[in-house]
Amino acid sequence: MGAAEAVGSLVMELLRLAVAARRVGVHPGTLRLWANEGRVPVVWVGRERRFSSEALDVLTGCPDVAGRREALYVRVSGTSGQESSLAAQEAELRASASGVVVAVFKDRASGLRESRPGLDRLLKRAAKGEFTHVRVTHGDRLARFGAGWLIQVLAHHRVSVEVLHAKGAAGGREELLDDFMSLVATFAGRVYGMRSREARRRLLAEAGDRMEHPVLGAGAGAGVAGEGRG
């Protein structure tokens, strides 16, 4: 190996997914999708994919990334009040922006809801190519569950999702209680929306029976415990 080749081999690094995503400035799920689509090359080390620093530098130099346009998404669970929390999220995201902020989308709804006015507008405008990045303070601001499919949908529109605080959850006990009550209300609405009163009665009776007799279908160990209680 010549001197030039030795220097080249030292410059190029093979980075793991999380490290490579931070280098490019996108969510790991977005970079994984780009790799699956062949937009960025990967090197397999055993069963783990690695990304070369040279390929990532080429990727960050493309026009799509250089012309960075940001959309901010902020959310609170309550339908009223909490204006200070919305404002605080927006201020924190604006202060850490590294591109032009072109839109701010707001929702006052549980993160368990799939359909939210602000999120719906964000997805429609992402499909039009109005911004390149969506930024949130915490991952569960985007969705309590199922954020992965949102990230994939946005990635198909060449929009990356960035989470300011990658670890930890947003909100506290009160917000979690709001989400729990939203889940209970949704379930109750579906139960009472059933056409037949008899069907509702059977469903509630079955639920009550399972609460009173949890040993059914719980395995041999649970059955012994149930016998002990009797």
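None of the values given here were measured: they were computed from a predicted structure.

(A) Spatial organisation of helix 9 (residues 147–156). Within helix 9, burial applies to Ala-147, Leu-150, Ile-151, Leu-154 and Ala-155. Seen end-on, helix 9 carries its buried residues on one side only, within an arc spanning 135 degrees. With its phi angle positive at about 60 degrees, Arg-158 sits one or two positions after the end of helix 9.

(B) A look at helix 7 (residues 117–127). For helix 7, every residue scored as buried is listed here: Gly-118, Leu-119, Leu-122, Leu-123 and Ala-126. Taken down its axis, helix 7 places every buried residue within 135 degrees of arc, on the same side. The inward-facing, buried residues of helix 7 contact strand 4 (69–76), strand 5 (100–108), strand 6 (133–138), helix 8 (139–142) and helix 9. Following helix 7 by one or two positions, Gly-129 adopts a phi angle in the positive range, close to 75 degrees.

(C) Summary view of the sheet that holds strand 5. Spatial strand order, 5-4-6-7: four strands in an open sheet with parallel pairing. Since the sheet does not close on itself, it has two edges, and those belong to strand 5 and strand 7 (160–165), each with one partner. Strand-to-strand, the axes of this sheet are offset by a mean angle of 25 degrees, without reference to chain direction. Where strand 6 lies against strand 7, five bridges are found, and the strand directions are parallel. Within strand 7, the position partnered with His-133 by the bridge is Ser-160. Of the strands in this sheet, strand 4, strand 5 and strand 6 are in contact with helix 7, which crosses strand 5 at around 145 degrees.

The rules behind each value
Residues numbered from 1 in each chain as written. Predicted model: local features only at pLDDT ≥ 70, side-chain atom pairs only at ≥ 80, totals over all residues. Heavy atoms only, no water. Buried < 20%, exposed > 50% of the residue type's maximum accessible area, 1.4 Å probe, protein only. Helix = DSSP H or I, 4+ residues; strand = E, 2+ residues; numbered from the N terminus. Arc of directions from axis to C-beta. Contact = heavy atoms within 4.5 Å. Pairing = 2+ DSSP bridges. Axes fitted to C-alpha atoms, helices over the stretch in contact; angles between N-to-C directions.

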